Amino acid sequence: DAGITQSPRHKVTETGTPVTLRCHQTENHRYMYWYRQDPGHGLRLIHYSYGVKDTDKGEVSDGYSVSRSKTEDFLLTLESATSSQTSVYFCAISEGWNQPQHFGDGTRLSIL
Amino acid sequence: DQQVKQNSPSLSVQEGRISILNCDYTNSMFDYFLWYKKYPAEGPTFLISISSIKDKNEDGRFTVFLNKSAKHLSLHIVPSQPGDSAVYFCAASAQVGNQFYFGTGTSLTVIP
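Residues numbered from 1 in each chain as written. Chains lettered and ligands numbered in written order. Predicted model: local features only at pLDDT ≥ 70, side-chain atom pairs only at ≥ 80, totals over all residues. Heavy atoms only, no water.

### Focus: the sheet that holds strand β6 (residues 56-59) of chain B
Residue and element names in this part refer to chain B. This is how the line gets drawn: The criterion for strand pairing is that DSSP finds at least two bridges linking the strands in question. Helix and strand labels come from DSSP, where a helix needs a run of H or I of at least four residues and a strand needs a run of E of at least two; each type is numbered from the N terminus.
Read from one edge of the open sheet, 5 strands run β1-β3-β8-β7-β6, paired in antiparallel fashion. The strands lining the two open edges of the sheet, one partner per strand, are β1 (4-5) and β6. Where β6 lies against strand β7 (residues 62-67), 4 bridges are found, and the strand directions are antiparallel. Opposite D59, over in β7, you have F62 as the bridge partner.

Laid out in structure tokens, this is it:
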């Protein structure tokens, strides 16, 4: 299994609070991704990174920011959480662009 | 708008028989396709891929077929085993694009 750790695995928070999710990899892969999974939508890309300090937006980036200060860590931040951001969040990594991605086990985030 | 569709939310198959999971896409620029398997409380796991230059790719019990003219791909599992019970996602990307698009998933149950 690819070495991907997401933390926390579960979080409950209130509307308007900031939330940061962490993804840590031990594979030294260049590409890292954040997805959200919602019923009826499958997995949707939020942001991705193609190197340290190099990030770009995905399909559903509004309300989210990311940072990558080290190869192994990719952070997803909700500056002011809303109930519509209640979801399961997955981090993924890949060696190259347009190659199969390996996923972490997800973070279940509930915003009340 | 969903560019990758899995119109069957669920499928039940007897152990030993063939499982056929279907996926349709709308974007004619898609040229690389993947299937993932997902168990509850885990991240998706890459199963098999196919490039648009092929119409079939096989890996053990898993075969993916691609029909470009119909914008349709399918995953065949033969013989099906109880451990194959999971949610299966198809995903597609374009060489000139910047992300994978995922279907909404099909939940496969293999009955012993």
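### Concerning the interface of chain B and chain A
Quite often, the size of an interface is put as the accessible area lost when its parts meet. Convention followed: Throughout, a contact is declared for two residues whenever any of their heavy atoms are within 4.5 Å. Buried area is understood as the total, over both parts, of accessible area removed when two parts are fitted together, assessed with a 1.4 Å probe. Here, a salt bridge means any side-chain nitrogen of Lys or Arg that lies within 4 Å of a carboxyl oxygen of Asp or Glu. Pairs of N or O atoms within 3.5 Å make up the polar contacts considered here, provided that, within protein, one atom can donate a hydrogen while the other can accept it, and that residues adjacent in sequence are counted only when both atoms are side-chain atoms. Three classes are used: nonpolar for Ala, Val, Leu, Ile, Met, Phe, Trp, Tyr, Cys and Pro, charged for Asp, Glu, Lys and Arg, and polar for all others, with Gly counted as polar.
Counting residues at the interface gives 22 residues for chain B, matched by 21 residues for chain A. Between chain B and chain A, roughly 1,700 Å² of surface is buried when both sides are summed, and carbon and sulfur atoms account for 54% of that area. Connecting chain B to chain A are 0 salt bridges. Joining chain B to chain A, the criterion identifies 4 residue pairs in polar contact (both at pLDDT 80 or more). It is strand β4 (residues 32-38) of chain B that contributes the most residues to the side of chain B that touches chain A, 4 residues altogether. Residue composition of the side of chain B that touches chain A, grouped by class: 11 nonpolar, 9 polar and 2 charged.

### A closer look at the state of the cysteines
Definition in use: In this description, the term disulfide denotes a pair of cysteine sulfurs within 2.5 Å. The buried label applies to any residue whose accessible area, calculated with a 1.4 Å probe on protein chains only, is under 20% of its type's maximum; exposed applies above 50%, and partly exposed to all values in between.
Taken as a whole and judged by the stated rule, the model has 2 disulfides over all chains. For C23(A), the disulfide goes to C91(A), at an S-S distance of 1.9 Å. Between C23(A) and C91(A) the disulfide shows an S-S torsion of about -70°. By sign, it is left-handed. Placement of the pair is C23(A) in strand β3 (residues 19-25) and C91(A) in strand β9 (residues 87-94), with a sequence separation of 68 residues. Like C91(A), C23(A) is buried. Across a sulfur-sulfur distance of 1.9 Å, C23(B) and C90(B) are joined as a disulfide pair. One disulfide, between C23(B) and C90(B), carries an S-S torsion of 70° and so falls in the right-handed class. Here the residue C23(B) occupies a position in strand β3 (residues 19-25), and C90(B) occupies one in strand β9 (residues 86-93), the gap between them amounting to 67 residues. Accessibility classification places C23(B) together with C90(B) in one group, the buried group.

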